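# Structural overview
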Amino acid sequence: MIDIIQEIYGTVKRNKLRTFLTGFAVAWGIFMLIVLLGAGNGLINAFESSANEIAMNSIKVYPGWTSKAHDGLKEGRRIQLDNKDINITQNMFTDNVTNVGATVRQGDVTISYGQDYVSISLQGVYPNHTEVERTKPAGGRFINDIDIRERRKVIVIHTKTADMLFKSAQPDKVIGKFVNASGVAYQVVGLFTDNGSFQPDAFIPFTTLQTIYNKGDKLNNLVFTTQGLETEEKNAAFEEKYRAVIGAHHRFTADDQGAIWIWNRFTQYMQQQKGMSILTTAIWIIGIFTLLSGIVGVSNIMLITVKERTREFGIRKALGAKPLSILWLIIAESVAITTFFGYIGMVAGIAATEYMNQVAGNQTMDAGVFSQTVFLNPTVDIGIAIQATLTLVIAGTLAGFFPARKAVMIRPIEALRAD
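First things first, this report covers the structure right here in the doc. No experiment lies behind these values; they were computed from the predicted model shown.

The next point concerns the overall build of the chain. Across its full length, the chain carries 14 helices and 12 strands. Buried residues in the chain amount to 47% of all 419 residues. For the chain, the share of sequence-separated contacts (at least 6 apart) that also reach a separation of at least 24 residues comes to 76%. Accessible surface computed for the chain: about 21,500 Å², of which carbon and sulfur atoms make up 59%.

As structure tokens, this is what we get:
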């Protein structure tokens, strides 16, 4: 073993520049693969983090305008959702719908406490609002079923609103206080936070808002969670059936896509998952081809080594050296170069992703009314990095095998005649 190490060292020492350039290609290949994987993980982790904040098995339904004439009515008719749609959704789709809610909005409401006030919008919501939206409790409680049933005058406000009105966002200093909303007194029962709303709304019971602000039975949108819809095909079939039932109530055709807009988060999630899968595959393909450039370099240098040392190998065989010893010598040199520079590339790649994580490991896009995480934890699992490096070493072994096999097959007399 010592002899082999000394021979490898001697060969590398005689060809410093050639060995360095070949090794650099190997190191660069593994470095780029790890960095690309880290960047891809940053995008994927941000997507998964956003998806975990809301129920992905949820559907929101918004009103629209009819695009087709139906039942004696012209196209272009405005569809307005109402309370009957809540009952239809809840009672006619029991196999797939688990929790139904709705939203109705009242804008430009001035909420005051003492001399302090803030102008915001009120949203009448159901208890399931916290499941399907990025609304995080920050103290107290949210709207419950009793609030809906008894039309209670209770309100849940954002921590920013609490800070402006009460000079504090601490629940013990806010919960239980009464605020004046354009002449109507509401008791604060809870606080919430979200992804950085510039002017956050406040929440009151859905039925309370409909009653106080004369909304009748109209609503802005429906929202419900589903079960048993694990594929895009099942979701598409459910949407078609749902559109037909709602269409019968509002007198529009089942194939009128403009009458209502259905936002299926599960279908969107599946499509985004496909996109992330394509991204990961593309990263691996680019990284592997980058690695191949280094492997080709190793193979080439081994071919050159065999050609330069043909006479030497002939003398070795003439003196009784076994073919296996020559084979092992060339493969060992290939593995040594690949392992050494592959390790350097792996360490450099991991260091680069850790630096990327420190500098840009939690990037958010702030659109004023909301913020969205777009890049999160761009690191690579050490196991993946080691596997990639081992794959590189195996490839380096194969890169050295074929030139070594060529050297072993040369007859001693032909080797001695070589220039």
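Attention now goes to the side chain of T207. The topology assignment puts T207 in helix α8 (residues 206–212). With a relative accessible area of 12%, T207 lands in the buried category. Setting aside anything within four residues of it in sequence, one finds T207 in contact with D147, I148 and R151.

Right, let's talk about the environment of Q106 for a bit. Positionally, Q106 belongs in strand β2 (residues 97–113). In this structure the C-alpha to C-alpha distance between Q106 and D201, which are 95 residues apart in sequence, comes to 9.8 Å. Those residues within four positions of Q106 in sequence are excluded, and the remaining contacts are S121, L122, L209, Y213 and K215. One polar contact links Q106 to K215, side chain to side chain, over a distance of 3.0 Å.

Attention now moves to helix α3 (residues 83–92). Buried within α3 we find D85, I86, I88 and T89. Projection of α3 onto a plane perpendicular to its axis shows the buried side chains occupying an angular sector of 165°, all on one side. At its buried positions, α3 is contacted by β2, α8, β9 (221–226) and α9 (232–250). Put simply, D82 is the residue that caps the front of α3, since its side-chain oxygen is 3.0 Å from the backbone nitrogen of K84.

Now for the packing of aromatic side chains. Taken as a whole and assessed by the stated rule, the structure comprises 15 aromatic pairs. On the numbers, 5.5 Å between centres and 40° between planes, the contact of F224 with Y242 is tilted. Separated by 18 residues along the polypeptide, F224 in strand β9 and Y242 in helix α9 bring together distant segments of the chain. Residue classification places Y242 among the buried positions, given a relative accessible area of 1%. Cluster of aromatic residues (ring-pair linked, three or more members): F20, F24, W28 and F31. The side chain of R78 reaches across the aromatic face of W65, ending 4.5 Å from its centre. The ring of W263 has R265 sitting right over it, with the charged end atom 4.6 Å from the ring centre.

Taking 1.5 Å of rise per residue, 19 residues should cover 27 Å, and α9 covers 26 Å from first to last C-alpha, within 8% of that figure. Buried within α9 are the following residues: E232, N235, F238, E239, Y242, R243, V245, I246, G247 and H250. For α9, the secondary structure elements touched by its buried residues are β1 (58–63), α3, β2, β9, β10 (260–264) and α10 (265–308). Of the residues flanking the end of α9, it is R251, one or two places downstream, whose phi is positive at about 65°.

Before going further, it helps to examine the packing of α3 against α9. The relative placement of two packed helices is expressed as an angle between their axes plus a distance between the axes. Close contact between α3 and α9 brings their axes to 11 Å; oriented N to C, the two are set at 140°. With respect to the hand of their crossing, α3 and α9 are arranged in right-handed fashion. Seen from α3, the contacting residues are K84, D85, I88, T89 and M92; seen from α9, they are Y242, V245, I246, H249 and H250. Considering only residue class, the contact of α3 with α9 consists of 5 nonpolar, 3 polar and 2 charged.

A volume near 180 Å³ is recorded for the second largest pocket. Secondary structure elements with two or more residues in the lining of the second largest pocket: α10 and α13 (382–409). Among the elements that make up the lining of the second largest pocket, the one with the highest residue count is α13 (6 residues). When its residues are assigned to classes, the lining of the second largest pocket shows 10 nonpolar, 2 polar and no charged.

Here N83 lies in helix α3. Sequence-wise, N83 and L219 are 136 residues apart; in three dimensions their C-alpha atoms are separated by 7.2 Å. Sequence-distant contacts of N83, defined by excluding residues within four places in its chain, comprise F206, Q210, D217 and L219. For N83, the side chain forms a polar contact with the side chain of Q210, separated by 3.0 Å.

About the thresholds
- Residues numbered from 1 in each chain as written.
- Predicted model: local features only at pLDDT ≥ 70, side-chain atom pairs only at ≥ 80, totals over all residues.
- Heavy atoms only, no water.
- Helix = DSSP H or I, 4+ residues; strand = E, 2+ residues; numbered from the N terminus.
- Buried < 20%, exposed > 50% of the residue type's maximum accessible area, 1.4 Å probe, protein only.
- Contact = heavy atoms within 4.5 Å.
- Areas by Shrake-Rupley, 256 points an atom, 1.4 Å probe, with all protein chains shown as cover.
- Polar contact = N/O pair within 3.5 Å; in protein donor to acceptor, adjacent residues only side chain to side chain.
- Arc of directions from axis to C-beta.
- Phe/Tyr/Trp six-rings, centres within 6.5 Å; stacked < 30°, edge-to-face > 60°.
- Lys NZ or Arg CZ within 6 Å of the ring centre and 35° of its normal.
- Expected span 1.5 Å × (residues − 1).
- Axes fitted to C-alpha atoms, helices over the stretch in contact; angles between N-to-C directions.
- Left-handed = near helix turned anticlockwise from the far one by under 90°.
- Nonpolar A, V, L, I, M, F, W, Y, C, P; charged D, E, K, R; others polar.
- 1 Å grid on protein atoms, 1.4 Å probe; cavity = no way out; pocket = protein on both sides within 12 Å on 5 of 7 lines; lining within 4 Å.
- Points joined across faces, edges and corners; volume = space filled by probe spheres on them.

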